[in-house]
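# Survey of secondary and tertiary structure
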Amino acid sequence: MSEVNFRNVTKRFGGPSGAIAVKGLDLRIEPGTMVTLLGPSGCGKTTTLRMLAGFETPSEGAITIGGADITHVPVNARGIGMVFQSYALFPHLTVRQNVEYGLRSQGVAAAETAKRTAEMLETMHLAALAERAPSQLSGGQQQRVALARAVVTRPKVLLFDEPLSNLDAQLRERMRDELRAIQLKFGITSLYVTHDQSEAMAISDRVVVMRNGVIEQDDAPPAIYARPKTEFVARFMGRANILSAPVIRREGNEVGLLIAGETVAAPIGGGDYRRGDRVRCVLRPEHARLEASGAPLTVRRVVYQGSYVEYLVAIDGQECTVLDNLYHRNGIAAVGETIRVSLAGAPLWIIGPASDEAQSDKAA
Amino acid sequence: MLRQAVWTDHGFDLGAIAVALSKPYVWSALGNTLMLGCASAIVATFAGFVLAFAVTKTSMPGKGFVHMVSLLPIISPPFVMALAIVILFGRSGLITRELLGIRNSNIYGFRSLLFIQALAFTPIAYLNIRGMLQAVDSALEDASASLGASNWTAFTRLTLPLATPAILSSMLLVFVKSIEDFGNPMVIGGNFNTLAVEAYSQLIGYFNLSGGALLASILLIPSLLAFMVQRHWLAKRSYVTVTGKPTAQAIRITSRRVVLPLALACYLLCATILMFYGTVLFVSFTKLPGVNNTLTVEHYRTIFTAGIGTMGDSLILAGIATPITAVGGMLIAYLLTRRAFPGSAPLRFGTLLSFAAPGTILGIGYVGTFNQPPLLLTGTALIVVAVMVVKNLQVGIEAGSNQLKQIDGSIEEASTVLGASNTRTFFVVTLPLLQPALFTALAYGFTRSLTTLSAVIFLVSANWSLITVTILSQVETQRLGVAAAYCVVLILVVLAILAVLQAFLARGVKTGPSDE
């Protein structure tokens, strides 16, 4: 099991004055863990992955695998496994030949190659398909061949470049769990790139949210969801209402915020807020509850989603989405009707003073 | 080094150029060439459009037949048509003299030349325009009809505008082909001299290398100009990308009033082509066409005895040149599309240039460059092979590049991640995936190498004679029967090779090569 380190890595495309794709990146992947790079397209996550693979060379900084500097080691000498978005199976070779390919290229003895290939095909439930061409396989099977091919060489690091984006929604969840199971079984240090936040949370030990070439936040999935550092992270990880509210009391590391006529407690996080300040806080739609004691709000839009109903309302003049997953009991309200919403006990998270609002990135 | 050969023509002092340019024959040849080029372009493109439209958009019966026949001129040596027209309509022509009793008909000159070239180059225009018409999504025509437009409106407002880039590019291609054509003007041009023929007679008749080279250089200007316009301007104006994958075509035009005249025109064209080829076939079995029409196999006996060396030479040289062309084309295509390296721009331009440059220029350029030590290659087989390779390389590059663009680059990345070197990746992964393009390049390279005349006519020697050059000299000495028989054999050889390649390709795609 090898540790991966990015030390102050910068990547510019097109010369010293070229566009910066990744800027001063410091990232550590603990041995045997799976770290996910998450972000919108153009955030630098794919460039970061491709630098670790060796397809791109950093303009500055260094990358190490297991303590050894591999910044300038060619791709085929890095001992890496990679699963591509398009799977990139060799179309003219059979499943077995695809899996053998890496072992043969690395000069592993024929007997050893055959043995390890057979074991891997068995592990991945591909033994019956060994002599088929990739084009004769389903999407999920192709995905498993791609994974088998990447893992059979016992790579020091395993890279995933949006490997599930070509699968339909149901298969995607199943393959996601299979990928994670294989990664844990072999204990390979892994870097995973995706733009799907639920995939990122489900599969990784740590999620790294990137934006414009820099790391916005690097945390375990529950922490990053509950305590986003910025509005961008809050909005990118799941759904978020950003509300501005006045502080009406301060007790230790906790403040009381006045929202919709109620006083709701929130931890101050890294900031220092006092009575009279206005702050911006994150309210996840599922944390609001429909209760008779709540504030009366007029429904502006209703979206029925099966497992819940989504209402658009205005809280203190700010648009806000709330979910009701008990609609079978509460009934479904129509546009123009009044629902009563309580935020008592909702885990609000403060992301900054409200004066920042003007500079905040609404595009996120 | 090979590229420079094209430019060596300019290494002459300006005085000689001034003297040469003052000769009237230069200007008349230039005028003739351009006039012929423009006329051929218009006529062949029009005919090609009619064919393409009838085949893709109407319910004309016998499409397959029309398609096959209209492609015949592509695989045959350049002057089969000229040979046939001389036999049919010449001074002792089968039609003019035998049927009509005309004693001194003059077939030589501009009009026959135009007719012949139009017939010979119609397939180029046909293929080009057909590709475009097929690539246009027929949902557009459905949409037009759903909006209440008539077929005529759809034709004028939709089909014609969409096909315009293909029509213009066909015209330019035919223009280039026409002005570089050597065989046809040589045989039936008569007093109507073109630059290519004039260059040949300067060089061979008067041993005037600089004069010939100069004439050929003049030819280069309109040729390159047309080619560049076609590549850089028209290619970008195309509304559809021709993928080579025809979409299902809904046939909308079934009205007899439209289909009948179109079909008649197509059939007439096919009949003419077939008549010409039939004539050549007939003459190849005739003792002395027009004089003694007894059937005989004597000409074939001549070929397979005296001519066997020529055929062998042709096949050997083309056989050497073809694989070099094809694999070289794939390698250059790979380098150009997949790797950025210094010199890629000159390489791209150089191969394009040698493709666009008329064969005559290549031939004369090579004679000029390799005529003195240390590169004394004139007269050797090597120089002929080199010209064949250089002239046809671009087609392999083109086919290879198009194929590579359809191959996901991450397949090669996957190979290197798994520990394979770039070289190993190219031979184990890339080349097998390029197989279809490789076969295209092989087929094209072989056909062209075997049927080319203009580029090699200056390079043949006593040691190595080529079949096309032999045919020409047979025609010049009025031994039309032998010439016709050579043509027939040549066409059959090309067809046979194409069939073999086709069979290989069909099998190769199914099973794929085994890993090492």
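Worth saying up front: this structure is predicted, and the values here are computed from it rather than measured.

About the thresholds
Throughout this description, residue numbers start from 1 for each chain and increase along the sequence as written. For naming, the first written chain is A and the first written ligand is 1, with later ones following in the order written. Totals for whole chains, interfaces and linings use every residue, but because this is a predicted model, local features are given only for residues with pLDDT of at least 70 and side-chain atom pairs only at 80 or more, for both listing and counting. Secondary structure counts use DSSP, requiring at least four H or I residues in a row for a helix and at least two E residues in a row for a strand, with both numbered from the N terminus. Residues with at least 20 other C-beta atoms within 10 Å of their own are called buried, those with 12 or fewer are called exposed, and the rest are partly exposed. The C-beta atoms themselves are positioned from the backbone. Two residues qualify as a contact pair if the distance between their C-beta atoms, derived from the backbone, is within 7 Å. One bridge is not enough; two strands pair if DSSP finds at least two bridges between them. In this analysis an axis means a line fitted to C-alpha atoms, helices contributing only their contacting stretch, and an angle means the value between N-to-C directions, from 0 to 180 degrees. Each residue is assigned to one class: nonpolar for Ala, Val, Leu, Ile, Met, Phe, Trp, Tyr, Cys and Pro, charged for Asp, Glu, Lys and Arg, and polar for all the others, Gly among them. Each helix should span, by expectation, one fewer than its residue count multiplied by 1.5 Å. Every angle not falling under 35 degrees, over 145, or within 65 to 115 is termed oblique; those three ranges are roughly parallel, roughly antiparallel and roughly perpendicular. Note on convention: the crossing is left-handed when the near helix lies turned anticlockwise from the far helix by less than a right angle, right-handed when the turn is clockwise. Per-residue confidence from the predictor is given as pLDDT, running between 0 and 100.

## A short note on the overall build of chain A
Along the backbone of chain A there are nine helices and 20 strands. Principal-axis analysis of the C-alpha atoms places the extent of chain A at approximately 75 × 50 × 35 Å. Among the 364 residues that make up chain A, the fraction classed as buried is 43%. In chain A, 67% of the contacts between residues at least 6 apart in sequence involve partners at least 24 apart.

## Here's the deal with the overall build of chain B
Of the regular secondary structure elements, chain B holds 23 helices and two strands. Counting only residues that meet the buried cut, chain B has 48% of its 516 residues in that class. Of all intrachain contacts in chain B linking residues separated by at least 6 positions in sequence, the fraction that spans at least 24 positions is 82%.

## What about the sheet that holds strand β9 (residues 206-211) of chain A?
All names here are of chain A. Read across the open sheet, the six strands follow the order β6-β7-β8-β3-β9-β10; overall the sheet is mixed. With partners counted over all chains shown, the strands left at the sheet margins are β6 (80-83) and β10 (214-219), one partner each. With strand direction ignored, the average angle separating the axes of adjacent strands in the sheet is 20 degrees. Where strand β7 (residues 157-161) lies against strand β8 (residues 189-194), five bridges are found, and the strand directions are parallel. Bridge pairing in β8 links valine 157 to threonine 189.

## Considerations on the environment of B:Gly419
Looking at the secondary structure, you find B:Gly419 in the loop between α19 (409-417) and α20 (422-433). Setting aside anything within four residues of it in sequence, one finds B:Gly419 in contact with A:Asn76, A:Gly102, A:Ser105 and A:Gln106.

## What to know about the pairing of strand β4 (residues 60-65) of chain A
Residue and element names in this part refer to chain A. Relative to β4, strand β1 (residues 4-13) runs antiparallel, the two sharing five bridges. When the sheet's bridge partners are listed, threonine 10 is paired in β4 with glutamate 60. The pairing of β4 with strand β5 (residues 68-69) spans two bridges and is antiparallel. In the sheet register, isoleucine 65 faces β5, and the bridge partner there is alanine 68.

## Re the sheet that holds β1(A)
One open sheet holds the four strands; their spatial order is β2-β1-β4-β5 (chain A), and the pairing between them is antiparallel. Edge positions in the sheet fall to β2 (19-29) and β5 of chain A, since each has one partner strand and no second.

## Let's talk about unusual backbone geometry
Residue and element names in this part refer to chain A. In this model, glutamate 162 sits at a positive phi of 40 degrees, which is unusual for a non-glycine residue. Here glutamate 162 is to be found in the loop between β7 and α5 (169-186). Residues other than glycine seldom take positive phi values, yet aspartate 316 does so here, at roughly 50 degrees.

## Some thoughts on the interface of chain A and chain B
Contacts between chain A and chain B engage 19 residues on the former and 18 residues on the latter. Put simply, the parts of the chain that give the side of chain A that touches chain B at least two residues each are β6 and α2 (95-105) of chain A. For the side of chain A that touches chain B, the element with the most residues is α2(A), which contributes four residues. Grouping the constituent residues of the side of chain A that touches chain B by class yields eleven nonpolar, eight polar and no charged.

## Details of helix α13 (residues 256-284) of chain B
With 29 residues, α13(B) should cover 42 Å at 1.5 Å per step; its first-to-last C-alpha distance of 40 Å lies within 8% of that length. Of the positions making up α13(B), those classed as buried are B:Cys266, B:Leu269, B:Ile273, B:Phe276, B:Tyr277, B:Thr279, B:Val280, B:Val283 and B:Ser284.

## What about the packing of helix α4 (residues 63-75) of chain B against helix α7 (residues 110-135) of chain B?
Residue and element names in this part refer to chain B. Between α4 and α7, whose axes approach to 8 Å, the crossing angle comes to 110 degrees. Accordingly, the angle class assigned to the pair α4 and α7 is roughly perpendicular. Viewed along their axes, α4 and α7 form a crossing whose handedness is left-handed. Between α4 and α7, the contacting residues are Ser70, Leu71, Pro73 and Ile74 on the first element and Leu119, Ala120, Thr122, Pro123 and Tyr126 on the second. Its residues assigned to classes, the contact of α4 with α7 shows seven nonpolar, two polar and no charged.

## Let's talk about helix α1 (residues 45-53) of chain A
All names here are of chain A. Of all nine residues that make up α1, nine are buried, and the element is covered over most of its length. Within α1, the full set of buried residues consists of Lys45, Thr46, Thr47, Thr48, Leu49, Arg50, Met51, Leu52 and Ala53. Backbone geometry just after α1 places glycine 54 at a positive phi near 105 degrees.

## A short note on the confidence of the model for chain B
Atomic detail in the predicted coordinates should be set aside for any region of low pLDDT. Residue and element names in this part refer to chain B. When pLDDT is averaged along chain B, the result is 76; 77% of the residues meet or exceed 70. When the elements of chain B are averaged for pLDDT, helix α1 (residues 2-7) gives the smallest value, 39, and α19 the largest, 89. Throughout residues 1-13 the model reports pLDDT below 50, and contacts reaching past four residues in sequence, or to other chains, amount to 26 contacts. Confidence over residues 509-516 falls short of pLDDT 50; this stretch has six contacts with residues more than four positions distant or in other chains. Both scores are available for the predicted complex, with the pTM at 0.72 and the ipTM at 0.79.

## Things to note about the pairing of β9(A)
Every regular strand shows the same layout, with side chains that alternate between the two sheet faces. Residues and elements named next belong to chain A. The buried fraction of β9 is high, at five of six residues. Pairing analysis gives four bridges linking strand β3 (residues 34-38) to β9, with the strands arranged parallel. Following the sheet pairing, threonine 36 is matched in β9 by valine 207. Summarising the sheet, β9 and β10 pair through five bridges and their orientation is antiparallel. Bridge pairing in β10 links valine 209 to glutamine 217.

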